[in-house]
Amino acid sequence: MTALAIWATTTQPPLSVVSQATGQPFSWTIFLQSVINGISFGSIYALLAMGIVLIYKSSDVVNFAQGQMAMFLTYIAYSGMGLILGINFLQPHADLPARVGWGVFLGAIALSLVVAALMGMAIEKFMLRPLARSSVLSQVLATIGAGTLLYGLVSWIWKAEIRPFPRFEAVAGRPVQLGTPPDSIIITLEAINFLVVGLILSFLLYLFFRFTMVGTALRAMAQNAFAARLMGINVGRLNGLAWALSLMLSAIAGVLAGPRLQLEPNMMTDVGVKAFAAAVLGGMTSLPGALLGGLVIGIIDNLAGYYLGNGLQASIAFLIIILVLVIRPNGLLGKTIRKKV
Amino acid sequence: MKWQKIQQTASGKYTRWVLIIAGFTALPWIITVLPFFGANNYTYSQLNLWLILAIVCLGLNLLTGVAGQISLGHAALFQIGAYIGGYFVARQGWPVWLVIIVAGLGTGIAGLILGLPALRLSGPYLAVATFGFSVAIPQLLAGSQDIAELYSDPNELATKIGVLTVPKQNLPGLKADDDLGRYFMFLLVFLIMLVLALNINRSRHGRAFYAIRDSETAATAMGVALGKYKLLAFIVSAVYAGVAGSLFAFQVGQLDANSTSFSVLASILFLTAIIIGGLGSVWGSVLGSAVITILPPFISAVNDTIKAAFGSSIENFESIFYGLLILIFIYFMPNGLSGAFQRLRMRYSSDPSKGPATPAEPAATDLPVS
């Protein structure tokens, strides 16, 4: 019951159900509630995971800084809201309203998306293209370095304090309640929003890759960049596009999750780790896999958090991932890649 | 004496080691030349932390630089070593030198477990598996009451779960707070591990590690047992982390499972150190960890200057610094400091035929591998 109360309040909600049900009889209501919470926040993991997969498929780079980049873009959206409302967003205790309407919200998202696209293309062109021939470790560390740098810059520009992130008015309404109070399941509009946006974006990505010329070119490039180049595909520009798309997904994930996580330089650290795990679980090369992985991680995370306590939550998630990987080294939906010498 | 003669004498096998040992012995006094490092306990404790970091990096470099297996889980191995070391000294009262060996071997077993997924995974998958290890171990040590009861002080358990208080250890006859004395105790361990690392690199096993890094397929074709050597690399690397961990327990006196010394950030710091020093280079690990250790007071001095100039200091300033440092080394000095020294030596050497001591990374092929 405490779990539900915490979930329904608006201040400082945890990522998952916290309470530990030791000694209590098993309750389907609580189980279902955990699963639903898991699915809804799992779509945030899925959005970031799809971003990681997009980058990995196009340029064979694992972006360890996806979380930090999402964090930076959330700060950009926050600043966008400040700009539109005419509030000095840099000052330590900027009083942004608790709720914002359509205009401000969409304006902020638009700004964040534009910055995401430019940033993605710039990172690809100036940061990773020079490393195309370097070892995997160099590339991994370059993204980690970029993430660390972003973390420092954000703490510098916006100061490392916790700020509430304005809630989108349309989804701040009363939560939906299924069933009668002692045995009811509560679903906030925000949670529904996470899932709906996640699914819509996944579907749009599917359409993009299936039916557009650029999407087909991206698929060709993921399959064999060398052959794609011979076919006249501009591989460099497409890589930039993949990075831009990836960061735009992260920006949306950040803005959606902002009110839940609250704005601070560490807001995405945990989410980034989980998203990364989700991408690997799904197979690293499969977008549907990333979506599935995100939802699965979300559910495991919540169930483990509820039944085993917060202490062991992440351990269980990673244990399951390691087990899955040992049994299926290419993830749930990944393709087996045979290496030629 | 001519310069060449001096050089020849200095590079003689035994003379060289005499010089190296003399250098390390004199280091606590030499380092006081640097700003911020006076002849005080702070300096000596930093030196001790440097030796600890260097031992971890020797092991990590063997695994990542030599055998080519990425590990983001070394902070967890380090932590396991620290807790084993702390437990046997604080709760069982075993002699220190025995405990160091036990911590090394115990962590070696943990390394075996960490290495098992490596048999089937590579690249990003391996990074995630080891990363998960890094997340899970602190949680197991801090979050689980059952495990915490094993090592915590029963009187403190209720208030501090995951905290293990260890009496600081020193050479026999010296006070526990004497960091300069402890430096020589750690130096002994460090030198043993250093000689071991140098010898492993040059051994048959070391060559097998290089072969695996350069091409797993080619290594298998040449008769290198892939699984065996990958596991061996993980185990040896873990032994290094474990030994360093136990020394860490003797140095700091109190272990907190949730501290950043054992978090994923520490794993990244270890990797940063070997990138700065130079992948696959034993002396590179020593140099890289020295850079990481020397930097903090300089960083905070820069931040103080900023505070004086602009009125407020920058929070998390070291993140900007480390981020830039990683990027600079990856883009401009991909072979690290040891690579730069190697180049200098080749340029001014009397015998240019002496190439780099360690095989360089192979150039990536132009052909698509799919």
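Residues numbered from 1 in each chain as written. Chains lettered and ligands numbered in written order. Predicted model: local features only at pLDDT ≥ 70, side-chain atom pairs only at ≥ 80, totals over all residues.

On to the overall build of chain A, then. Secondary structure summary: chain A contains 12 helices and 4 strands in total. When the 341 residues of chain A are sorted by exposure, 51% land in the buried category. When contacts within chain A are restricted to residue pairs at least 6 apart in sequence, long-range pairs at least 24 apart make up 74% of them. (Helix = DSSP H or I, 4+ residues; strand = E, 2+ residues; numbered from the N terminus. Buried ≥ 20, exposed ≤ 12 C-beta atoms within 10 Å, placed from the backbone. Contact = placed C-beta atoms within 7 Å.)

Tallying secondary structure elements over chain B gives 15 helices and 2 strands in all. A globule of 370 residues ought to have a C-alpha radius of gyration of about 21 Å, and chain B, at 21 Å, matches this closely. Each principal axis of the C-alpha distribution contributes one length, and for chain B these read about 65 × 50 × 50 Å. The contacts in chain B between residues at least 6 apart in sequence include a share of 72% that link residues at least 24 apart. (Rg over C-alpha atoms; globule rule 2.2 N^0.38 Å.)

Contact residues are listed per partner, giving 43 residues for chain B and 48 residues for chain A. Sorting the residues of the side of chain B that touches chain A by element identifies α6 (123-143), α10 (216-221), α12 (264-277) and α14 (317-332) of chain B as the ones contributing at least two each. No other element matches the 12 residues that α6 of chain B contributes to the side of chain B that touches chain A. When the residues that make up the side of chain B that touches chain A are grouped by side-chain class, the tally is 29 nonpolar, 11 polar and 3 charged. (Nonpolar A, V, L, I, M, F, W, Y, C, P; charged D, E, K, R; others polar.)

Okay, the nonpolar core next. Core analysis: the largest hydrophobic core is formed by 218 residues, its most contacted members being Ala49 and Ala277 of chain A together with Ile55 and Val56 of chain B. Discounting residues that sit within four places of it in the chain, alanine 277 of chain A has contacts with Ile297, Ala317, Phe318 and Ile321 of chain A together with Val128 of chain B. (Core = buried A, V, L, I, M, F, W, Y, C linked by C-beta atoms within 7 Å.)

This brings us to the domain arrangement of chain B. Residue and element names in this part refer to chain B. Looking at chain B, the domain boundaries give domain 1 (1-33) and domain 2 (34-348). Taking only C-alpha atoms into account, the centre of domain 1 sits 27 Å from that of domain 2. Opposite the 7 residues of domain 1 that make contact, domain 2 presents 11 residues. Considering only residue class, the side of domain 1 that touches domain 2 consists of 6 nonpolar, 1 polar and no charged. (Domains from an automatic or database assignment.)

Under the 1.5 Å per step criterion, the end-to-end length of helix α11 (residues 287-308) of chain A is 30 Å for 22 residues, consistent within 8% with the ideal 32 Å. Among the 22 residues that make up α11 of chain A, 18 are buried, leaving the element largely enclosed by the rest of the structure. (Expected span 1.5 Å × (residues − 1).)

With that settled, consider the packing of helix α10 (residues 269-282) of chain A against α11 of chain A. In a packed pair of helices, the relevant descriptors are the angle between the two axes and the axis-to-axis distance. All names here are of chain A. Two elements in contact, α10 and α11, have axes whose closest approach is 7 Å; the angle formed by their N-to-C orientations is 125 degrees. Here α11 runs oblique to α10, going by the angle between their axes. As for the relative orientation of α10 and α11, their crossing is right-handed in sense. In this structure, α10 contributes Lys274, Ala275, Ala277, Ala278, Ala279, Leu281 and Gly282 to the contact, and α11 contributes Gly289, Ala290, Leu292, Gly293, Gly294, Val296, Ile297 and Asp301. (Axes fitted to C-alpha atoms, helices over the stretch in contact; angles between N-to-C directions. Parallel < 35°, antiparallel > 145°, perpendicular 65-115°, else oblique. Left-handed = near helix turned anticlockwise from the far one by under 90°.)

Of all residues except glycine, most have a negative phi; of all peptide bonds, most are trans. All names here are of chain A. Positive phi is not limited to glycine here, since glutamine 262 has a value of about 65 degrees. With respect to the helices and strands, glutamine 262 occurs in the loop between α9 (235-261) and α10. Under the C-beta neighbour-count criterion, glutamine 262 is labelled partly exposed, with 15 such atoms within 10 Å. Located in the positive-phi region is methionine 284, a residue other than glycine, with phi close to 65 degrees. Here methionine 284 lies in the loop between α10 and α11.

With respect to the secondary-structure elements, arginine 133 of chain A resides in the loop between α4 (102-128) and α5 (136-158). Taking the C-alpha atoms as reference points, arginine 133 of chain A and asparagine 330 of chain A, 197 residues apart in sequence, are found 24 Å from one another.

Here the focus is the packing of helix α3 (residues 41-66) of chain B against helix α11 (residues 226-252) of chain B. Residue and element names in this part refer to chain B. Here α3 crosses α11 at 170 degrees, and the two axes come no closer than 7 Å. With respect to their mutual orientation, α3 and α11 come out roughly antiparallel. Where α3 abuts α11, its residues Asn48, Leu49, Ile52, Ile55, Val56, Leu58, Gly59, Leu60, Leu62 and Leu63 lie against Ala233, Phe234, Val236, Ser237, Val239, Tyr240, Ala241, Val243, Ala244, Leu247, Phe248 and Gln251. Grouping the amino acids of the contact of α3 with α11 by side-chain chemistry returns 18 nonpolar, 4 polar and no charged.

Residues and elements named next belong to chain B. Mapped onto the elements of the fold, aspartate 214 is located in helix α9 (residues 204-214). The exposure class assigned to aspartate 214 is partly exposed, which follows from the 13 C-beta atoms found within 10 Å. As for aspartate 214 and alanine 67, which are separated by 147 residues in sequence, their C-alpha atoms are 8.5 Å apart.

This part takes up the confidence of the model for chain A. Summary statistics for chain A give a mean pLDDT of 82 and a share of 89% for residues scoring 70 or more. Under a pLDDT of 50 for its full length, residues 1-21 of chain A has, in the predicted model, 36 contacts with residues more than four places off or in other chains. (pLDDT = per-residue confidence, 0-100.)

Our focus in this paragraph is the confidence of the model for chain B. All names here are of chain B. Per-residue pLDDT for chain B averages 84, and the proportion of residues at 70 or more is 93%. Between residues 362-370, whose pLDDT stays under 50, and residues either more than four places distant or in other chains, the model counts 10 contacts. The ipTM value of the predicted complex is 0.80, and its pTM value is 0.84.

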